[in-house]
Amino acid sequence: MQSFRPISNLSVLSKLLERLVSKQLVEYLTGNCLLPDRQSAYRRFHSTETAVLRVLSDILLALRSGDLAMLTLLDLSAAFDSVDHDTLLTRLQKSYGLDGVVLSWFTSYLAGSTQFVKSSASSSMPSVVLHGVPQGSVLGPILFLLYTADVLQSCNW
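Residues numbered from 1 in each chain as written. Predicted model: local features only at pLDDT ≥ 70, side-chain atom pairs only at ≥ 80, totals over all residues. Heavy atoms only, no water.

Glancing now at helix H3 (residues 85-94). Of the positions making up H3, those classed as buried are His85, Leu88, Leu89 and Leu92. Summarising the axial view, the buried residues of H3 lie within an arc of 95°, below the 170-degree limit, and thus occupy one face. Opposite its buried face, H3 presents the exposed residues Asp86 and Lys94, each directed more than 90 degrees away. Measuring from the side-chain oxygen of the N-cap residue of H3 to the backbone nitrogen of Asp86 gives 3.3 Å; that N-cap residue is Asp84. (Buried < 20%, exposed > 50% of the residue type's maximum accessible area, 1.4 Å probe, protein only. Helix = DSSP H or I, 4+ residues; strand = E, 2+ residues; numbered from the N terminus. Arc of directions from axis to C-beta. Polar contact = N/O pair within 3.5 Å; in protein donor to acceptor, adjacent residues only side chain to side chain.)

Here you go:
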């Protein structure tokens, strides 16, 4: 049961709108240098290969200069489900400068969603979703990135 996570069933119109918002958001973040330097996703000419090469390069440089190298990995399974909406909206405003109509749109995007479990012919009562970003959406991963980006900045690299 722990491996079952909510998936958003979005209409074609919703997916199209998300793609448009995603494109504008990434252009805004990139144009204003608001994405973390070491963030590979949603950036041109960055990929998981780029990230792996950077980590390997940093380790080899440390070892070559006689320093110790340590790699700490963090398992973020079900992390998308733990995003606090109020904290995310505050970060969008304070860390990324989103306000006015844009912030109101993201507020309405996150608010009012419900979820339920359906099995065969029966289903549970809908409950309001208070945490998490929509799984299966275009904006979900980007919003999670922005939610966690402050963690990268707190690391002294």
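Secondary-structure assignment places Glu18 in helix H1 (residues 12-31). An unpaired buried charge is present at Glu18: no salt bridge exists, and Arg19, the closest side chain of opposite charge, is 7.9 Å distant. Polar side-chain contacts of Glu18 include one of 3.2 Å to the backbone nitrogen of Leu139. Ignoring sequence-local partners within four residues, the contact set of Glu18 consists of Leu10, Tyr109, Ser137, Val138 and Leu139. (Lys, Arg positive; Asp, Glu negative; His and termini not counted. Salt bridge = Lys/Arg side-chain N within 4 Å of Asp/Glu carboxyl O. Contact = heavy atoms within 4.5 Å.)

Let's shift gears to the packing of aromatic side chains. On inspection of all chains with the given rule, the structure shows 2 aromatic pairs. Taking the centre distance of 5.1 Å and the plane angle of 85° together, the rings of Trp105 and Phe106 count as edge-to-face. The exposure class of Trp105 is partly exposed, given its relative accessible area of 25%. On the accessibility criterion, Phe106 (3% relative accessible area) is buried. Connected via pairs of aromatic rings, a cluster forms that spans Trp105, Phe106 and Tyr109. (Phe/Tyr/Trp six-rings, centres within 6.5 Å; stacked < 30°, edge-to-face > 60°.)

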